[in-house]
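Structural overview
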Amino acid sequence: MRMRRKPWVREELAKCEFFVDNPCENLGNWENKFKKKQPIHLELGCGKGIFIAKLACLHQNINYLAVDIKSEVLGIAKRNIEAEYLKNNKPIDNILITAQEIGLIQNMLNEKDVVDRIYINFCNPWPKPRHNKRRLTYTTQLEKYKVFLKPQGEIYFKTDDDDLFNASQKYLKECRFEIVKITYDLHSEDIEENIITEHEEMFSKQGIKIKALIARK
Ligand SMILES: C[S@@+](CC[C@H](N)C(=O)[O-])C[C@H]1O[C@@H](n2cnc3c(N)ncnc32)[C@H](O)[C@@H]1O
């Protein structure tokens, strides 16, 4: 996703109370970075933050940490989060956003940062075999997540991409995750809560079925 430079982003994020500038400085200490002591759920590749804004606003008893590599999209996520909380008249006290290369997630989260759940929504499929290892669900990544994901903690994964979905099941099994739920057509299922992400909406409109799974450590 290419995005034009937005001159307002740097200044707005610098002033934003829920933007964390230097994520690696909080290694092992994320629990104390949040205003409330409660379970932490992590979103990897949050994009414009539509998903995490709605989710976090709905579940005030969970702390949400949203990560993306691009400050430009985090600027938009910041505005979307503010708008969602304002609409629902809630204080923004259970969400943090930060810029980090997820390939180096081990520099910002370690075994002291107990994460109960990880969301990965519509990550880049990296279809060329030589690029597969860059997938956010690749085995080397999963091994890094296992360090801070609590025992029985879960990964919630959604994608439009068949190849990525099938390969991810293999990666998860190789890393000893148990796949506890799986669907090849999420929108045909009767599920309690599915918050639609930016890319989910785009792919659904194109008639592409959304694949989803929950994997347990
Ligand atoms: C295709 S978008 C999906 C955005 C959103 N999750 C959704 O479902 O609409 C992937 C997002 O992941 C981010 N991303 C991709 N690779 C990343 C990496 N290695 N580290 C951090 N963020 C990454 C991109 O900047 C982008 O915002």
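**What about the pairing of strand S6 (residues 149-159)?**
Looking at chain direction, strand S5 (residues 115-121) and S6 are connected through six bridges and run parallel. Bridge pairing links isoleucine 118 to isoleucine 155 in S6. Crossover handedness for the path S5 to helix H5 (residues 139-148) to S6: right-handed. Bridge count for S6 against strand S8 (residues 211-216) is six bridges, and the pairing is antiparallel. Pairing of phenylalanine 157 across the sheet is with leucine 213, part of S8.

**Considerations on the site of the ligand**
Taken together, 16 residues are adjacent to the ligand, and Gly45, Asp68, Glu101, Thr197 and His199 come closest. At 2.9 Å, a backbone N or O of isoleucine 102 approaches a nitrogen atom of the ligand. Protein chains shield 88% of the accessible area of the ligand, which is 600 Å² for the free molecule. For the ligand, the cavity whose grid points lie within 2 Å of the majority of its atoms is the largest pocket. A breakdown of the residues in the shell around the ligand according to their chemical character gives five nonpolar, six polar and five charged.

**Side note on the side chain of asparagine 26**
Turning to its location among the elements, asparagine 26 is positioned in the loop between strand S1 (19-20) and helix H2 (30-33). When neighbours within four sequence positions are excluded, asparagine 26 is seen to be in contact with Val20, Lys33, Met108 and Asp113.

**What to know about unusual backbone geometry**
Excluding glycine, most residues fall at negative phi; most peptide bonds, likewise, are trans. One non-glycine residue, phenylalanine 122, lies in positive phi territory at about 55 degrees. Assignment of secondary structure puts phenylalanine 122 in the loop between S5 and H5. Residue phenylalanine 122 is classed as buried on the basis of its relative accessible area, which comes to 10%. Look at glutamine 152: it is not a glycine, yet its phi comes out positive at around 70 degrees. Locating glutamine 152 in the fold gives a position in strand S6. Residue glutamine 152 is classed as exposed on the basis of its relative accessible area of 53%.

**Brief notes about the sheet that holds S8**
Ordered in space as S1-S4-S3-S2-S5-S6-S8-S7, the eight strands form an open sheet in which the pairing is mixed. Two strands close off the open sheet at either side, each with one partner strand: S1 and strand S7 (178-183). Across the sheet, H5 touches strand S2 (40-44), S5 and S6, and the angle it forms with S6 is around 135 degrees. Along the sheet, helix H6 (residues 162-174) makes contact with S6, S7 and S8, crossing S8 at roughly 10 degrees.

**Points about the layout of surface pockets**
Taken as a whole, the largest pocket holds about 830 Å³ of empty space. Elements with a contribution of two residues or more to the lining of the largest pocket: S2, H5 and helix H7 (198-205). In terms of lining residues, the second largest pocket is bounded by 21 residues, among which Tyr156, Leu186, Ile191, Glu193 and Ile214 are the most central. Mapped by element, the contributors of at least two residues to the lining of the second largest pocket are helix H3 (50-58), S5, S6, S7 and S8. Looking at the lining of the second largest pocket residue by residue, the classes come out as twelve nonpolar, three polar and six charged.

The rules behind the values
- Residues numbered from 1 in each chain as written.
- Predicted model: local features only at pLDDT ≥ 70, side-chain atom pairs only at ≥ 80, totals over all residues.
- Heavy atoms only, no water.
- Pairing = 2+ DSSP bridges.
- Helix = DSSP H or I, 4+ residues; strand = E, 2+ residues; numbered from the N terminus.
- Right-handed = clockwise from strand over helix to strand, strands pointing away.
- Near = heavy atom within 4 Å.
- Polar contact = N/O pair within 3.5 Å; in protein donor to acceptor, adjacent residues only side chain to side chain.
- Areas by Shrake-Rupley, 256 points an atom, 1.4 Å probe, with all protein chains shown as cover.
- 1 Å grid on protein atoms, 1.4 Å probe; cavity = no way out; pocket = protein on both sides within 12 Å on 5 of 7 lines; lining within 4 Å.
- Sits in = over half its atoms within 2 Å of the grid points.
- Nonpolar A, V, L, I, M, F, W, Y, C, P; charged D, E, K, R; others polar.
- Contact = heavy atoms within 4.5 Å.
- Buried < 20%, exposed > 50% of the residue type's maximum accessible area, 1.4 Å probe, protein only.
- Axes fitted to C-alpha atoms, helices over the stretch in contact; angles between N-to-C directions.
- Points joined across faces, edges and corners; volume = space filled by probe spheres on them.

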